[in-house]
Amino acid sequence: MIFVRSLALRIYTDRISNHKKSLVLKRDDLLVYTFGQASFAAVFSFGVVVFWNVPLIKQQAFVADLKEVMKSPVLPEVTASFLLDIGKQDNVSYGHLELQEITLPVIVALSFAFAQAVVLQRMDGTVDQQLYELNRILRPIEKTGRIQFRRKHILKTLGQVLRDRTHSFYEYGFQQTPPEVWADARTEKIYVDVVTELEIKARMRIVNEKWDTVSDTMQFVLGLTSERKGIRLEMVLLLVAITADLVLTFWQVVSK
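Okay, so let's go over this structure. For every chain, the first residue of the written sequence is number 1, and numbering continues from 1 along that sequence. Reporting of local features is limited, given that this is a predicted model, to residues whose pLDDT is at least 70; pairs of side-chain atoms are given and counted only at 80 or more, and all residues count toward the totals for whole chains, interfaces and linings. Only hydrogens and water are set aside when side-chain values are computed; all heavy atoms of the structure are taken into account.

### Observations concerning the nonpolar core
Where a protein is soluble and globular, its nonpolar side chains tend to be buried together.
Here's step 1: Among the nonpolar cores identified, the biggest contains 49 residues, and Ile2, Val50, Trp52, Leu97, Leu110, Phe114 and Val194 are the most heavily contacted of them.
Here's step 2: Here this core takes 16 residues from helix α2 (residues 104–144), the largest share from any one element.
Here's step 3: With sequence-adjacent residues up to four places away left out, Ile2 is seen in contact with Val50, Phe51, Trp52, Ala80, Ser81, Phe82, Leu84, Leu97 and Phe114.
Here's step 4: The criterion is simple. A nonpolar core is a set of buried Ala, Val, Leu, Ile, Met, Phe, Trp, Tyr and Cys residues joined through side-chain atoms within 4.5 Å. Type-normalised accessible area, obtained with a 1.4 Å probe on protein chains alone, sets the label of each residue: buried when under 20%, exposed when over 50%, and partly exposed for intermediate values. Ala8, Tyr33, Val49 and Val54 belong to the second-largest nonpolar core, a separate cluster that totals 16 residues. Secondary structure is summarised from DSSP: a helix means a run of H or I of at least four residues, a strand means a run of E of at least two, and numbering begins at the N terminus for each. Should any heavy atoms of two residues lie within 4.5 Å, those residues are counted as being in contact.

### With respect to the pairing of strand β1 (residues 2–11)
Here's step 1: Of all 10 residues in β1, 8 are buried; the element is thus mostly enclosed.
Here's step 2: Summarising the sheet, β1 and strand β5 (residues 48–52) pair through 5 bridges and their orientation is antiparallel. Within the sheet, the bridge partner assigned to Ile2 lies in β5 and is Trp52.
Here's step 3: Two strands pair if DSSP finds at least two bridges between them. Sheet topology note: the β1/strand β6 (residues 70–86) ladder contains 8 bridges and is antiparallel. The partner of Ala8 across the bridge, within β6, is Pro73.

### Some words on the pattern of salt bridges
Here's step 1: The salt bridge definition used is simple: a Lys or Arg side-chain nitrogen within 4 Å of an Asp or Glu carboxyl oxygen. Under the definition given, this model contains 8 salt bridges.
Here's step 2: Between Asp29 and Arg27 there is a salt bridge, with the nearest N and O atoms lying 3.8 Å from each other.
Here's step 3: Close ionic contact of Asp90 with Arg186 constitutes a salt bridge, the shortest N to O distance being 2.7 Å. Of the two residues, Asp90 sits in the loop between β6 and β7 (91–93) while Arg186 sits in helix α4 (residues 185–197), which places them 96 residues apart along the sequence.
Here's step 4: The network of salt bridges with shared partners includes Arg27, Asp29 and Glu180.

### Considering the packing of aromatic side chains
Here's step 1: The aromatic pairing rule takes the rings of Phe, Tyr and Trp, using the six-membered ring of Trp, and pairs them if the centres are within 6.5 Å, calling planes under 30 degrees apart stacked, those over 60 edge-to-face and the rest tilted. Using the criterion set out here, one finds 9 aromatic pairs in the structure.
Here's step 2: Pairing Tyr33 with Phe62 gives two aromatic rings, centres 5.3 Å apart and planes at 70°, and the pair type is edge-to-face. Taken together, the residues span a long stretch of sequence, with Tyr33 in strand β3 (residues 30–36) and Phe62 in helix α1 (residues 56–66) at a distance of 29 residues. Phe62 matches Tyr33 in its accessibility class, with the two residues each being buried.
Here's step 3: Ring centres of Trp182 and Tyr191 lie 6.3 Å apart, and the angle between their planes is 80°; on these two criteria the pair is classed as edge-to-face.
Here's step 4: Looking at Tyr191, the relative accessible area reads 8%, which means it is buried.
Here's step 5: Within the aromatic cluster, the residues linked to one another by ring pairs are Tyr33, Phe35, Phe51 and Phe62.
Here's step 6: For Arg15, the ring lying beneath its charged end belongs to Tyr12, and the centroid distance is 4.0 Å. Distance and angle both matter: a charge sits over a ring if NZ of Lys or CZ of Arg is within 6 Å of the ring centre and within 35 degrees of the ring normal.

### A word on the pairing of strand β8 (residues 96–99)
Here's step 1: Of the pairings in the sheet, the one linking β6 to β8 comprises 4 bridges and is parallel in character. Considered in β8, the bridge of Leu84 is made with Leu97.
Here's step 2: Relative to β8, β7 runs antiparallel, the two being bridged by 3 bridges. Across the sheet, Asn91 pairs through a bridge with Glu98, a residue of β8.

### Quick look at the sheet that holds β3
Here's step 1: Spatially, β2-β3-β4-β5-β1-β6-β8-β7 is the arrangement adopted by the 8 strands of the open sheet, whose pairing is mixed. Single-partner strands in this sheet number two, and they are β2 (23–26) and β7. Averaged over all pairs of adjacent strands, the angle between their axes in this sheet comes to 20°, without regard to strand direction.
Here's step 2: Inter-axis angles, ranging from 0 to 180 degrees, are taken between N-to-C directions of lines fitted to C-alpha atoms, where helices are fitted over the stretch in contact. Contacts from α4 reach β7 and β8 within the one sheet, and its direction differs from that of β7 by about 10°.

### Focus on the side chain of Arg5
Here's step 1: Mapped onto the secondary structure, Arg5 falls in strand β1.
Here's step 2: Take Arg5: its relative accessible area is 5%, and that puts it in the buried class.
Here's step 3: Pairs of N or O atoms within 3.5 Å make up the polar contacts considered here, provided that, within protein, one atom can donate a hydrogen while the other can accept it, and that residues adjacent in sequence are counted only when both atoms are side-chain atoms. In this structure the side chain of Arg5 is engaged in a polar contact, spanning 3.2 Å, whose partner is the side chain of Gln60.
Here's step 4: At a separation of 2.9 Å, a polar atom in the side chain of Arg5 contacts the side chain of Glu77.

Here it is, written out as C-alpha cells:
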C-alpha cells in the first residue's frame, strides 16, 4: 500500500535529525527513509510524506517526529492511497500500481508524482474556497446592484488569492522534477505512466484556470469600487462648486 499525506505548507527537511540510521537519501528538498524490505518514507520539503508499505502505527510515530519542523500544518490532512503489488510486470492503472521490483529511483520518481497529485487536490480545495468567497461578494451585486463589501476587504481577498497562487507553484516544486526520474528507461516510463494516469498536467491547468477566474473577477470588482469612489469624489466636488456658486450669487445679490 502507498499512502500519501499532505501535512503542512512546508517541512524543513534540513532540520530533521531523527531516524538517521534509516536514511537512504538526503537532499535539501527530499529525504528518503527505509523501514525494512520494500518499506519506505519519502519526505518532501513542500509538506508531503509518501509512505510505501509502512504500517499506520509507524506512520503516526514518524509524523509526530516531524511536527517540530513543519510550517503551517494542514488541518485536516489531505491524503490519498494506492494499492501496490510487487513482483508482477510493471503496470499502472487508476489507484493500483504493479511493479516488477522497487529501486530507489523508482521510489523517488513515483513518490514525487503521488505527492504532486495530493498537493493539487489540496490546491483545488483552496481555490474552490476562494471561489466561494468571490460568490459572497458577487451575489449582493446581482441582487441589489451595489457592492456591500468595503474596498479594503476586497483588496485583502485579492491579495490572498494572488499569494496562494504565487506560493503554490513556487513552494510545491512543480518545476523541479527529481533527477531520479531520468535514471533509466524503466523508471522514466513508469513515472510518465503514473503522471498520465493521475492527470497531473490537466489538473494543473484546471487549477490555474480557476485562479484566473477568481483573480480576474476580483480585480474587476476592485476596479468598480475605485470607480465608485472616483464618482463619489466628483459628486462631492460638484456639490461644493454649486454651493460656492450659490453663496457667491447670494452675496452679490445682498451686497447690491
